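What follows is the residue order along each chain.
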Amino acid sequence: MFIFKSPAKINWALYILKKRVDGYHDIVSLINTVDLYDTLIFEKSSSIEVHCNYPIRTENNLVYKAAKLLQEYKQIKEGVKITVRKEIPIGAGLGGGSSNAAITMKALNELWKLSLTLEELNNLAMQIGSDVPFFLNTPLCLVEGKGDKITPLKIEKTYHLLIVKPSFSISTRWAYESFDAESQLTENYEKINNNIWLLYKQLCEGVIDNKCLWNDLEQAVVKKYREIDFLKRKLLSSGAVASLMSGSGSTVYGVFESKESAIAASKEFIGYWTRVVQTLVEE
């Protein structure tokens, strides 16, 4: 039996450049893992089995897809039993499914002794989902293209966050379709690139404020889900120095000066799913 931890992520920034002919979107995003984890347990088996404490159909399960992809790619005859214990909520913009897939690829590359390079894993990961390559290159990365261009970044400072999820989840596909229908792309790449690197500099220096975080999907999503804007404002009034919707939502996070202040603020969100977490740095 082998046990692996699968982290969640938050987006410090998410800019959308354009919709591609293949249906994906070209993005520029600064993404960071946090210490909220699912647990994946790997055991020997004659076939690929995936068991999860959350009801996910096998054909939609990214863990199953990742294991099957590696098995077929390297023509592996043995199987594996994977038990997924989820703590990361689904449909929350925290990347739980993509993280599970990436960790499965890392784990099976080791357990099946496949000797796949990081480049090979990244290329295979794109066949599963656009967020999966990031989780092969954590903890902090600049992610571009359709998620296939990854630039790992060094950072020593960690941040304390309060993550708040309302009762509803949001489909990533719906969020991008709503953005396409309601938004006009006026930003140019040079300006976006400058914004990203300014944000990265601020994160390294510990001078983050609410103006330096950005999510292009937020405005389109809030038109239907007003509660997300309410949660952002409530986090700020509860002491957060900055607040943003992560990914396609529905999670909103607030950045706090200390773990204690984040815990104190969490008491203002009775009835919501909340977690106080810390951003991860390279070990």
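I will try to describe carefully the structure that is included in this document. Along each chain, residue indices are assigned from 1 in the same order as the chain's sequence is written. Only residues with pLDDT of at least 70 get local features here, since the model is predicted, and only at 80 or more are side-chain atom pairs given and counted; chain-wide, interface and lining totals rely on the full set of residues. Heavy atoms throughout the structure, all of them, feed into the side-chain values; hydrogens and water do not.

## A closer look at the sheet that holds strand β10 (residues 252-256)
Across the sheet, which stays open at both edges, the four strands sit in the order β9-β10-β7-β11 with antiparallel pairing between neighbours. Pairing within the sheet leaves two strands with one partner each, and these edge strands are β9 (242-245) and β11 (273-278). Pairwise comparison of adjacent strand axes, ignoring direction, gives a mean angle of 20° for this sheet. As judged from the five bridges shared by strand β7 (residues 160-165) and β10, these two strands associate in the antiparallel manner. In this analysis, strands are considered paired if DSSP registers two or more bridges between them. Strands are runs of DSSP state E lasting at least two residues, helices are runs of H or I lasting at least four, and both sets are numbered from the N terminus onward. Interaxial angle, 0 to 180 degrees, is taken between N-to-C directions of lines fitted to C-alpha atoms, where a helix line uses only the stretch in contact.

## Some thoughts on the packing of helix α7 (residues 216-224) against helix α8 (residues 226-237)
Closest axis-to-axis distance for the α7/α8 pair is 5 Å, and the angle between their directions is 115°. Between α7, through E218, V221, V222, K223 and K224, and α8, the contact on the second element is made entirely by R226, I228, D229 and K232. Amino acid classes used here: Ala, Val, Leu, Ile, Met, Phe, Trp, Tyr, Cys and Pro are nonpolar; Asp, Glu, Lys and Arg are charged; the rest, including Gly, are polar. When the residues that make up the contact of α7 with α8 are grouped by side-chain class, the tally is three nonpolar, no polar and six charged. Two residues form a contact once any of their heavy atoms are found within 4.5 Å.

## Section: unusual backbone geometry
Of note, the amide linkage connecting T138 to P139 takes the cis form, showing an omega dihedral of 15°. Relative to the assigned elements, P139 resides in the loop between α4 (132-135) and β5 (140-145). With omega at 15°, the peptide bond leading from G249 into S250 counts as cis. With respect to the secondary-structure elements, S250 resides in the loop between β9 and β10. In this model, Q75 sits at a positive phi of 55°, which is unusual for a non-glycine residue. Assignment of secondary structure puts Q75 in the loop between α1 (62-73) and β4 (79-85).

## Examining the packing of aromatic side chains
Within 6.5 Å between ring centres, the rings of Phe, Tyr and Trp (the latter by its six-membered ring) count as paired, and their orientation is classed by plane angle as stacked under 30 degrees, edge-to-face over 60, tilted in between. Inspection of the entire model under this criterion finds eight aromatic pairs. The interplanar angle of 70° and the centroid separation of 4.9 Å between the aromatic rings of F134 and F135 together place this pair among those described as edge-to-face. Burial classes: relative accessible area under 20% of the type maximum marks a residue as buried, over 50% as exposed, and values in between as partly exposed (1.4 Å probe, protein chains only). For F134, a relative accessible area of 1% translates into the label buried. Pairwise contacts between aromatic rings join W12, Y159 and Y253 into one cluster. For a lysine, the NZ atom is tested; for an arginine, the CZ atom; a charge sits over a ring if that atom is within 6 Å of the ring centre and within 35 degrees of the ring normal. The lysine or arginine in question, K157, covers the ring of Y159, its NZ or CZ lying 5.2 Å from the ring centre.

## Topic: the pattern of salt bridges
The term salt bridge refers to a side-chain nitrogen of Lys or Arg lying within 4 Å of a carboxyl oxygen of Asp or Glu. Inspection of every chain in the model, using the stated rule, returns twelve salt bridges. Note that K19 is salt-bridged to D180, the shortest N-O span being 3.9 Å. Of the two residues, K19 sits in strand β1 (residues 2-19) while D180 sits in helix α5 (residues 172-182), which places them 161 residues apart along the sequence. Residue D180 is classed as partly exposed on the basis of its relative accessible area, which comes to 32%. Residue D38 is joined to K86 by a salt bridge in which the shortest nitrogen-to-oxygen separation is 2.4 Å.

## Concerning the side chain of S266
By the element assignment, S266 lies in helix α9 (residues 259-266). Look at S266 and you get buried, because its relative accessible area is 17%. The residues touching S266, leaving out its near neighbours within four places in the chain, are L162 and T274.

## A word on the packing of α5 against α7
Contact geometry for α5 and α7: axes closest at 9 Å, N-to-C directions at 95°. Considering the angle they form, α5 stands roughly perpendicular to α7. When α5 is examined against α7, the residues W174, A175, Y176, S178, F179 and E182 are found in contact with a partner set consisting of D216, L217, A220, V221, K223 and K224. Among the residues making up the contact of α5 with α7, the classes are represented as seven nonpolar, one polar and four charged. Each angle receives one of four descriptions, namely roughly parallel if under 35 degrees, roughly antiparallel if over 145, roughly perpendicular if within 65 to 115, and oblique otherwise.

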